[in-house]
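Analysis of the macromolecular model
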Amino acid sequence: MSDLDNKSEVRKEVPKYHIAEPHDLSPRSKWLRDYYFKGVKREWNNQYMPFTTGTDWDIIWSETEYYIAPEVHFYIGNKGKGVFEGSLRSMAIPVKLTENFWALSLPERRIDFFEEVMLNYIPQEIISENDLIAGGRFNTQLSDCLTKKETKRYWKENLSIRHKFYKYHKSGFGNAGATSGHLIPDHETIIKKGFKYIYEKAEAQYSQLNDREKKGPKGQELRAMMKAAKIPKKLAKKYAEECRRLKETASSSERAEELEQMAKNLEIVPWEPAETFWQGVQAIWLTHMLIMAEESYPGPGTSFGRTDLHLWHLYKKDVIDEKTISKEFAKDILGSFWFHCNTAYDAQIMVGKQGITSAFGQLMTLSGCGPNGEDLTNELTYTILEIVDEWSPILEPKPNIRLHRNSPEKLLNIIVDIVSRSQGAPFLINFDERSIAGMITEGISLEDAWDYACVGCLENTMQGNDRSGTVNCNPNLTKSIELTLWNGKNMPGNDVATKKGEQIGPKTGSSESFKTWDEFWNAWKKQVKYLIKYTVDIYNITEELRAEFMPTPYLSTIVRGCINKGLDIRRGGPELRFITVEGVGFATTVDSLLAIKKFVYDDKKYTITQIKDALINDFEGEEFAVIQTMLKNRAPKYGNDVDDADELARKVMKVWSDETWKYKTPTDFQFRPGMLSWNYWAGADAGFTVATPNGRNKATFLSNAICPSNGADLKGPTAVTNSVGVVLGGKTEDGGYVNYLPNGSSHTITFNPSILKDPEHKDKFKSYLRGYVENGGTCLQINMLDVEMLKDAQEHPEKYPNLLVRITGYNAYFNAIGKELQDEIIARESHKI
């Protein structure tokens, strides 16, 4: 080694604290993982490819899909002249249209265009000699395929509503809008029956129509679905041809055999049922990537369901019974699948850290109970968990492990071991008994509810027949406090998007005139109910727009109900149809009510006027600083297993969640409640939220989902767990579970890594998890973080390039999320057991 090399070695910076690293990877999987993390230095990537009809009125980027992402609002322009639409239009590749293209119905145009792009414009590539799964590029931005007349109508409707969304958001109400992804397609049917079955089902449904129906919307939809069902077969054939082309120049006879087998797999799946484990994984991937391509949405929430159950019969046959492949080779097949899932992030590969500020949430559900409470963990569950552990830290696919009363000790041991080696645990933990109770709440039978799975961050849905719009509505519950204090108006000085003194909510009376807590409580209930209705009304505008102008025939073929009805998934086709209202700032709202109740009505220490003046002044000045100290430190707080505080929190939860069930969309989707705050509590919503009576300053972060306010949970993790279980409804007298939030509730908790330092502490942590099954919520996210390590990573980000932390229902790279969110994570209470 030269002197220069020695100096370079000395200068090499290493992190002061240990961070999780991949381990025990096979040479093939190590190559794929290393290749992925080369990022922009890769010779291949999956960044956006935009395509256009070539008309001057074409729309390539649909802004309404991103109304729920306030950080994108800045880039939206007028009639396609914004940054995103303009840049994509300038890059877009014109697609040769069929001769009668403009005479077709919109669903038929959309699927015709999609087929042409996927088969003849996007290259079919096998990524490397280490890849065992076909299906490379899928990050598209596709033309909406509207006629000039339809485009004119679209812009007229869109421009008439856009300002309403901006007003809703900038007034501090939250955000809302119809968006893509966030569902589980019918992978089980594709694995066991193939797209041939789907095609024949659509064909049979079409043949039952009379001539008039065939010419109408139902006939148009079914023709589009029939064409859509054949696209996977045609695409698989193209990939098979590529495999055989590469076989001719393979570097070894072993690779030539692999490519030949890949070609044979593609000649079977996903058109026919999968016959081997390899084919099953291949079928899932092609099905999945085509969804992301059709929706022009790179992965968020598009999830796999209970993969260890769907593929178990094939894994058992190939690996255990007949031993046609080894477990190691099966893991390499899954490793290729892991690689492809992560290339979703290539969409923004040129924007630092590959554009990753949060996990997209291609979620895979593992383990869980059966219809009689029996455990369904199998050897494939454990094999997949080995992949999760060995590939971490990495973001996709995101595993969700279902625990229940009968979960085996072996599974708990593995969970604890993996958690002990990570910072942001690489999986979520779902709890079956509470989750199933929620599914039953929304009308799903017990016979079916056990087979739920999760999408996106942690949202509970059924598999293959359900679209639940799980992130579409995100009202800021704390706004209800402001409206109650100021009689349905913004706080003076907070008229960012409204006229000064404008009446926004209902008139519930001057808060100074309320003589009792009950009067204040009743006024608050009216304001929070208004908040929910306002959210629903705003959301429904985009729901109608998307249903009319953005059909997705391919996706509709693999969501049960759509073919039988001859109705697109966005028009109400699925058997189960929900839109989720995700309450933001719950603990901030509860703690504010608790503070008002104690100091104004119970102790009579302060008047409402004093509280309001303190809020208007953001607690600045000696008098108001004293009030802030009292509100923060002397008022009861949710999250400490204190009966009175938790009971009020439960009532708050029931009031707003009950209100959501009163409403439906124009497309016949039922609104339902959930609690996933995404990152709005620390950014978009928090920035427009005034100071609150729990002592929080204006524009600082709110509470996260169902978690207590930062620093408020002072009695340890068991107390927090008990509080979470209570506010979700607790249990019935006979011990049955109640769950007000069928969509699920995000509970993120941070532990000091020292708690898992020895077997005794690990046993205590397993006991904590079993206790969570009995008394906690629906979903737990675990951070094992040393605050000092986070501070060092904040100061020296170059030393911690792949440090993962759990934000709420998702992981993110710590040095990619911005200082505001970093500070929030550092401020979280770190628990010991």
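Fair warning: this is a prediction, and the values are worked out from it, not measured in the lab. (Residues numbered from 1 in each chain as written. Predicted model: local features only at pLDDT ≥ 70, side-chain atom pairs only at ≥ 80, totals over all residues. Heavy atoms only, no water.)

**Considering the packing of aromatic side chains**
Per the counting criterion, the structure on display carries 43 aromatic pairs. Relative to Tyr-768, the ring of Phe-765 lies with its centre 6.0 Å away and its plane at 35°, an arrangement referred to as tilted. One end of the pair, Phe-765, and the other, Tyr-768, are both in helix 28 (residues 759–775), three residues apart, so they sit about a helical turn from each other. Put simply, the rings of Trp-61, Tyr-66, Phe-74, Tyr-75, Phe-84 and Tyr-297 touch in pairs and so form one group of aromatic residues. If you follow Lys-193 out to its NZ or CZ, it ends over the ring of Tyr-197, 4.4 Å from the centre. (Phe/Tyr/Trp six-rings, centres within 6.5 Å; stacked < 30°, edge-to-face > 60°. Helix = DSSP H or I, 4+ residues; strand = E, 2+ residues; numbered from the N terminus. Lys NZ or Arg CZ within 6 Å of the ring centre and 35° of its normal.)

**A word on the pairing of strand 12 (residues 576–582)**
The side chains of a regular strand alternate between the sheet's two faces. The buried fraction of strand 12 amounts to seven of the seven residues, a majority that puts the element mostly inside the structure. The side-chain alternation of strand 12 yields two buried faces, one formed by Leu-576, Phe-578, Thr-580 and Glu-582 and the other by Arg-577, Ile-579 and Val-581. In this structure, strand 10 (residues 466–467) lies alongside strand 12, joined through two bridges in parallel fashion. In the strand pairing of strand 12, Asp-466 is matched with Leu-576. Summarising the sheet, strand 12 and strand 13 (residues 670–674) pair through five bridges and their orientation is parallel. For Thr-580, the partnering residue across the bridge sits in strand 13 and is Arg-672. (Buried < 20%, exposed > 50% of the residue type's maximum accessible area, 1.4 Å probe, protein only. Pairing = 2+ DSSP bridges.)

**Concerning the state of the cysteines**
Within this structure, the stated rule accounts for zero disulfides. Of all cysteine sulfurs, the one in Cys-454 lies closest to Cys-369, which takes part in no disulfide; the gap is 12 Å. Take Cys-454: it sits in no disulfide, and the sulfur closest to it among the cysteines is that of Cys-779, at 6.4 Å. Classification of Cys-454 by relative accessible area gives buried; the value is 0%. (Disulfide = S-S within 2.5 Å.)

**A short note on the nonpolar core**
If you look at the biggest cluster of nonpolar residues, it comprises 219 residues, and the most contacted ones within it are Phe-277, Leu-403, Phe-586, Trp-656, Phe-765 and Leu-769. Among the elements that line this core, the one with the most residues is helix 20 (residues 517–549), at 14 residues. With sequence-adjacent residues up to four places away left out, Phe-586 is seen in contact with Leu-477, Tyr-638, Ala-649, Val-652, Met-653, Trp-656, Met-675, Ser-703, Ala-705 and Val-727. In this structure, Leu-428, Ala-449, Tyr-680 and Ala-793 belong to the second largest nonpolar core, which totals 41 residues. (Core = buried A, V, L, I, M, F, W, Y, C linked by side-chain atoms within 4.5 Å. Contact = heavy atoms within 4.5 Å.)

**Things to note about the sheet that holds strand 2 (residues 93–94)**
Taken together, three strands build an open sheet; the order of strands is 2-1-3 and the sheet is parallel. Both outer strands of the open sheet, strand 2 and strand 3 (140–141), are each paired with one neighbouring strand and no more. Pairing of strand 1 (residues 49–52) with strand 2, which is carried by two bridges, proceeds in the parallel orientation. Along strand 2, the bridge assignment pairs Thr-52 with Pro-94.

**With respect to the environment of Trp-391**
Here Trp-391 lies in helix 15 (residues 379–391). Note: C-alpha distance between Trp-391 and Leu-25 (366 residues apart in sequence) is 7.3 Å.

**Some thoughts on the packing of helix 5 (residues 148–170) against helix 20**
Two elements in contact, helix 5 and helix 20, have axes separated by 11 Å at closest approach and are oriented at 160°. Compared by their axis directions, helix 5 and helix 20 come out roughly antiparallel. Between helix 5 and helix 20 the crossing geometry is left-handed. Here Glu-150, Arg-153, Tyr-154, Glu-157, Asn-158, Ile-161, Lys-164, Phe-165, Lys-167 and Tyr-168 of helix 5 lie close against helix 20, whose contacting residues are Tyr-534, Thr-535, Ile-538, Ile-541, Thr-542, Leu-545, Glu-548 and Phe-549. Its residues assigned to classes, the contact of helix 5 with helix 20 shows nine nonpolar, three polar and six charged. (Axes fitted to C-alpha atoms, helices over the stretch in contact; angles between N-to-C directions. Parallel < 35°, antiparallel > 145°, perpendicular 65-115°, else oblique. Left-handed = near helix turned anticlockwise from the far one by under 90°. Nonpolar A, V, L, I, M, F, W, Y, C, P; charged D, E, K, R; others polar.)

**A look at unusual backbone geometry**
In this structure, Pro-270 follows Val-269 across a cis peptide bond, with omega equal to 5°. Cis geometry marks the peptide bond from Ser-392 to Pro-393, where omega comes out at 5°. Phi angles above zero are rare outside glycine, and His-182 is one such case at about 55°. Structurally, His-182 can be placed in the loop between strand 4 (174–176) and helix 6 (187–192). Positive phi outside glycine occurs at Lys-604, with the angle close to 55°.

**Overview of the confidence of the model for the protein**
Residues at a pLDDT of 70 or more form 96% of the protein, whose mean pLDDT is 92. Scored below 50 in pLDDT, residues 1–12 shows one contact in the model against residues more than four places distant or in partner chains. (pLDDT = per-residue confidence, 0-100.)

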